[in-house]
Amino acid sequence: MEAIAIANSLPISTKQSVEICSFIRGKTTEKSKKLLEQVLEQKIAIPYKRFNKGVGHKRGKIASGRYPLKATFAILNLIKTAEANAEVKGLVSPFQISTAIASQSSRNWHYGRQRRRKTKRTHVKLILQSLEKETKETK
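Since the model is a prediction, treat every value here as computed from it, not as a measurement.

1. Remarks on the nonpolar core
Step number 1: Counting residues in hydrophobic clusters, the biggest one holds 32 residues, and the most contacted among them are Ile24, Leu36, Ile46, Ile75, Ile79, Ile97 and Leu126.
Step number 2: Of all the secondary structure elements, the ones that give two or more residues to this core are strand E1 (2-10), helix H1 (14-24), helix H2 (29-40), helix H3 (69-89), strand E4 (95-104) and strand E5 (122-130).
Step number 3: The element that contributes the greatest number of residues to this core is H3, accounting for 8 residues.
Step number 4: If sequence neighbours within four positions are ignored, Ile97 has contacts with Ile24, Arg25, Gly26, Lys27, Thr29, Ser32, Ile79, Leu126, Ile127 and Leu128.

In structure tokens form, the structure reads like this:
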């Protein structure tokens, strides 16, 4: 059994969301929430592995990294939503983030601009799985 949470057309950067999703993929929800809260406090940085042109290096074992606050806050709220969905479905905690996907949404024009600029839009999908083995009774 798994629980799914999808957020469509979030006004956040797709590149930052891809880096955050690769950072939290495979971790438990408790650990990923703690890590993302530390990113919001700017204690640790998100390692940039794919979109790292011109990104400065940070302290520690990661090479290049940043503190994407707006995208981190949106994905942290999505993790909390996915946990609530899992509890409603009857899954047992702790949960593991098995899939975290960020993809580009349709990009609209900014309204009322003289110069044409497009908005940032991102779809984010999280799938949680329960780490507890479900016991099935056999007769």
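2. Details of the environment of Gln96
Step number 1: Residue placement: Gln96 occurs in strand E4.
Step number 2: Its relative accessible area of 25% is what places Gln96 among the partly exposed residues.
Step number 3: Separated by 80 residues in the primary sequence, Gln96 and Gln16 place their C-alpha atoms 21 Å from one another.
Step number 4: Sequence-distant contacts of Gln96, that is, excluding residues within four places in its chain, are made with Gly26, Lys27, Thr28, Ile127, Leu128, Gln129 and Leu131.
Step number 5: A distance of 3.1 Å separates a polar side-chain atom of Gln96 from the backbone oxygen of Gly26.

3. Considerations on the packing of aromatic side chains
Step number 1: Applying the stated criterion to the full structure yields 0 aromatic pairs.
Step number 2: For the cation-ring pair, Lys27 lies above Phe23, with the distance from its terminal atom to the ring centre recorded as 4.9 Å.

4. Description of the packing of H1 against H3
Step number 1: For the pair H1 and H3, the least separation of the axes is 10 Å and the interaxial angle reads 45°. Taken together, the axes of H1 and H3 are oblique relative to one another. With respect to the hand of their crossing, H1 and H3 are arranged in right-handed fashion. Facing Gln16, Ser17, Ile20, Cys21 and Ile24 of H1, the residues of H3 in contact are Ala71, Thr72, Ile75 and Ile79.
Step number 2: For the contact of H1 with H3, a count of residues per class yields 6 nonpolar, 3 polar and no charged.

5. Observations concerning the pairing of E5
Step number 1: Pairing of E1 with E5, which is carried by 7 bridges, proceeds in the antiparallel orientation. Looking across to E5, one finds that Ala5 is bridged to Leu126.

About the thresholds
- Residues numbered from 1 in each chain as written.
- Predicted model: local features only at pLDDT ≥ 70, side-chain atom pairs only at ≥ 80, totals over all residues.
- Heavy atoms only, no water.
- Core = buried A, V, L, I, M, F, W, Y, C linked by side-chain atoms within 4.5 Å.
- Buried < 20%, exposed > 50% of the residue type's maximum accessible area, 1.4 Å probe, protein only.
- Helix = DSSP H or I, 4+ residues; strand = E, 2+ residues; numbered from the N terminus.
- Contact = heavy atoms within 4.5 Å.
- Polar contact = N/O pair within 3.5 Å; in protein donor to acceptor, adjacent residues only side chain to side chain.
- Phe/Tyr/Trp six-rings, centres within 6.5 Å; stacked < 30°, edge-to-face > 60°.
- Lys NZ or Arg CZ within 6 Å of the ring centre and 35° of its normal.
- Axes fitted to C-alpha atoms, helices over the stretch in contact; angles between N-to-C directions.
- Parallel < 35°, antiparallel > 145°, perpendicular 65-115°, else oblique.
- Left-handed = near helix turned anticlockwise from the far one by under 90°.
- Nonpolar A, V, L, I, M, F, W, Y, C, P; charged D, E, K, R; others polar.
- Pairing = 2+ DSSP bridges.

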